[in-house]
Amino acid sequence: MLFRSSIYGLIGMGLKMPPEVITGLFESSYTAARAALQQLWQMIYIERASDVTHICQPIFEAWLFDCVSDGIIEAPGFFSDSFIRYAWCGSQWSGSGPASLNPLDEAKAAQLRAQFLTSESEETINYDGGDWNTRHAQRRREAAARRDDELPPLGAAPAAESPQQTPPTQP
């Protein structure tokens, strides 16, 4: 058992992953399991940013260059101005967010960060793996649909119930 845990520890160091994540055994405590997942997510976030910078974006730009030069995609100004080419090559690469051990606690923490202005919604959405503009447009469509269907907005406090009408009493 000791040999196996030592091997898992060495493999974890080589892969920059906590041994608990490699084995899938979170045996110590909730806090230790959460810390192991946070440590893994930090490594994934750094590796993902590096992959986007050194692999995804250059391949996308080369593909777009070839498609525009072959006439497959029309991109006015692509070859005439480097700023326009930069705009055409603009992209946002996002992946899925980190695993969650307790989604309710993490949602409450995000709400408190937003309430006390220590985190913006865009930062939270990017952390969870998404694009703020896409999510914002989706929220607008959903809010409009709720208004059209005469439903209360999400997150609104329930309307106070009107007191029951009591029939008049006879003398």
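Residues numbered from 1 in each chain as written. Predicted model: local features only at pLDDT ≥ 70, side-chain atom pairs only at ≥ 80, totals over all residues. Heavy atoms only, no water.

1. Looking at the overall build of the protein
We count it as follows: Helix and strand assignments come from DSSP, with helices taken as H or I runs of at least 4 residues and strands as E runs of at least 2, each series counted from the N terminus. Working definition: with a 1.4 Å probe on protein chains only, accessible area under 20% of the residue-type maximum means buried, over 50% means exposed, and in between means partly exposed. The contact criterion used is simple: two residues touch if any of their non-hydrogen atoms lie within 4.5 Å. Computed with a 1.4 Å probe, the accessible areas rest on the Shrake-Rupley method; for each residue, only the protein chains presented here act as cover.
Counting its regular elements, the protein contains seven helices and zero strands. The order of α-helices and β-strands along the protein, N terminus first, is α-α-α-α-α-α-α. Out of the 171 residues belonging to the protein, those deemed buried represent 13%. Sequence-distant contacts in the protein: of pairs separated by 6 or more residues, those separated by 24 or more amount to 45%. As displayed, the protein has an accessible area near 13,600 Å², and 59% of this comes from carbon and sulfur atoms.

2. A closer look at the confidence of the model for the protein
For any part of a model where pLDDT is low, the fine detail of the predicted coordinates should not be relied upon. Here is the rule: Confidence per residue, as judged by the predictor, is encoded in pLDDT with a range of 0 to 100.
Taken residue by residue, the protein gives an average pLDDT of 81. The fraction at 70 or more is 82%. Mean pLDDT across the elements of the protein bottoms out in helix α6 (residues 121-128) (66) and peaks in helix α4 (residues 82-88) (94).

3. So, helix α3 (residues 30-69)
The following threshold applies: Expected span, for any helix, means 1.5 Å times one less than how many residues it has. To obtain the bend at a residue, axes are fitted to the seven residues ending there and to the seven starting there, and the angle between these axes is taken.
With 40 residues, α3 should reach 58 Å at 1.5 Å per residue; the first-to-last C-alpha distance of 55 Å fits that figure. Taking the largest bend as the criterion, α3 deviates by roughly 45°, centred on Val52. Taken together, the buried positions of α3 are Ala33, Ala36, Leu37, Leu40, Trp41, Met43, Gln57, Leu64, Cys67 and Val68. A positive phi of about 80° marks Gly71, the residue just after α3.

4. Quick word on the environment of Ser69
Worth spelling out the cut-off: Counted as a polar contact is a pair of N or O atoms within 3.5 Å, where, for protein atoms, one must be capable of donating a hydrogen and the other of accepting one, and residues adjacent in sequence contribute only when both atoms are in side chains.
With respect to the secondary-structure elements, Ser69 resides in helix α3. Accessibility expressed as a relative area gives 42% for Ser69, which makes it partly exposed. Sequence separation of Ser69 and Phe79 is ten residues, and the distance between their C-alpha atoms is 8.7 Å. Polar side-chain contacts of Ser69 include one of 3.0 Å to the backbone oxygen of Asp66.

5. Regarding a nonpolar patch on the surface
Threshold: By definition, no residue in a patch forms a salt bridge, and every one has over 30% relative accessible area; like charges are joined within 9 Å, nonpolar side chains (Val, Leu, Ile, Met, Phe, Trp, Tyr) within 5 Å. Any carboxyl oxygen of Asp or Glu that lies within 4 Å of a side-chain nitrogen of Lys or Arg is treated as forming a salt bridge with it.
Among the surface-exposed residues, Phe3, Ile7, Tyr8, Leu10, Ile11, Met13 and Leu15 lie close enough to one another that they form a single nonpolar patch of about 710 Å² accessible area. In this fold, Tyr8 is placed in helix α1 (residues 2-15).

6. Things to note about unusual backbone geometry
Trans is the common state for peptide bonds, and a negative phi is the common state for residues other than glycine. Although it is not a glycine, Lys16 sits at a positive phi angle of roughly 60°. Relative to the helices and strands, Lys16 resides in the loop between α1 and α2 (19-23). Of note, the phi angle at Glu150 is positive, near 55°, even though the residue is not glycine. With respect to the helices and strands, the residue Glu150 is situated in the segment after α7 (132-148).

7. Section: the environment of Glu142
Mapped onto the secondary structure, Glu142 falls in helix α7. Overall, the relative accessible area of 36% leaves Glu142 in the partly exposed class. Sequence separation of Glu142 and Pro153 is eleven residues, and the distance between their C-alpha atoms is 9.2 Å.

8. Quick look at the packing of aromatic side chains
The relation between two aromatic rings is expressed through the spacing of the ring centres and the mutual angle of the planes. This is how the line gets drawn: Pairing of aromatic side chains requires ring centres within 6.5 Å, counting the rings of Phe and Tyr and the six-membered ring of Trp. Pairs whose planes differ by under 30 degrees are stacked, by over 60 edge-to-face, and all others tilted.
Per the counting criterion, the structure on display carries six aromatic pairs. Ring centres 5.2 Å apart and planes at 90° place the aromatic pair Phe65 and Phe79 in the edge-to-face group. Residue Phe65 is located in helix α3, and its partner Phe79 is located in the loop between α3 and α4; the two are separated by 14 residues in the primary sequence. Residue Phe79 is classed as partly exposed on the basis of its relative accessible area of 44%. Among the aromatic residues, those joined into a ring-pair cluster are Phe60, Trp63 and Trp93.

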